[in-house]
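# Topology and contacts: notes
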Amino acid sequence: MSLDLAPDTPAPAPAAAPTATAERPGVTATATAAAGDTRAPLTPSTLRTIVRELAEQPEQWIHHVRLSTEERWYRRLAADEDHEVWLISWLPGQSTGFHDHGGSRGAFTVALGELEELSLGGPEQGLLIRRVQSGTVRAFGPEYVHDVRNTASGPAVTLHAYSPPLHSMAHYELRAGGLVRTSEEGPDQW
């Protein structure tokens, strides 16, 4: 798999307080779900293959990695009508908080380091905590909500693929009764 990577140009600061530090290349993704594209989204299995194969080719992405002490850093590597690929770096203590993917399917792999993923497993299972080590790939459907965090002592780097491309993300708080939606953001905030 070969990516057509955009030049390494930082984006202007988002208008709202971001959840991560971003470098947005000159790539425009169409929010196909919002635009009414009838093409079927890629399956979680296909997205899993995309991130796994890309992780096996660090020469395609390693030179783009940046570390930010303030927030997670991220960069979109590729985008087209049916999916997009993101590169994210994590320092110890950085996390996403509980969030969804606006109805998109997704997959991510830890290319370097390790992370922890939290999700709700239902009334019988409660809060699930998974160690996601280097080389592990996680894939999920359009209704998935999780929190990803770096609880290790060193940095981590991940690759993410979403289909259709992300057009919104909702954030949640975990309370005694379950997850409560607290906010939503769109691409203008990434």
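The structure reproduced in this document is the subject of the present report. What you see is a predicted model; the values in this text were computed from it and never measured.

As a further point, take empty space enclosed by the protein. This structure, assessed with the given rule, holds 1 cavity of 30 Å³ or more. The space that makes up the largest cavity amounts to roughly 280 Å³. As for the largest cavity, its lining consists of 21 residues, and the residues nearest its centre are R72, I88, H99, Y162 and M169. At the level of elements, strand 2 (72–79), strand 3 (84–90), strand 10 (156–163) and strand 11 (169–175) are the ones that each hand at least two residues to the lining of the largest cavity. In terms of residue count, strand 3 provides more of the lining of the largest cavity than any other element does, 3 residues in total. Looking at the lining of the largest cavity residue by residue, the classes come out as 12 nonpolar, 7 polar and 2 charged.

Moving on: the nonpolar core. Of all hydrophobic cores here, the largest spans 18 residues; its most connected members are W61, L77, V85, L87 and L159. Within the residue set of this core, elements represented by two or more residues are helix 2 (44–55), strand 2, strand 3, strand 5 (105–112) and strand 10. Among the elements that make up this core, the one with the highest residue count is helix 2 (4 residues). Those residues in contact with V85 that lie beyond four places of it in its chain are I50, L54, R75, R76, L77, A78, H160 and A161. If you look at the next biggest cluster of nonpolar residues, it comprises 16 residues, including L115, F140, V148 and M169.

Parameters at a glance
- Residues numbered from 1 in each chain as written.
- Predicted model: local features only at pLDDT ≥ 70, side-chain atom pairs only at ≥ 80, totals over all residues.
- Heavy atoms only, no water.
- 1 Å grid on protein atoms, 1.4 Å probe; cavity = no way out; pocket = protein on both sides within 12 Å on 5 of 7 lines; lining within 4 Å.
- Points joined across faces, edges and corners; volume = space filled by probe spheres on them.
- Helix = DSSP H or I, 4+ residues; strand = E, 2+ residues; numbered from the N terminus.
- Nonpolar A, V, L, I, M, F, W, Y, C, P; charged D, E, K, R; others polar.
- Core = buried A, V, L, I, M, F, W, Y, C linked by side-chain atoms within 4.5 Å.
- Buried < 20%, exposed > 50% of the residue type's maximum accessible area, 1.4 Å probe, protein only.
- Contact = heavy atoms within 4.5 Å.

Purely geometric numbers; function is a separate question.
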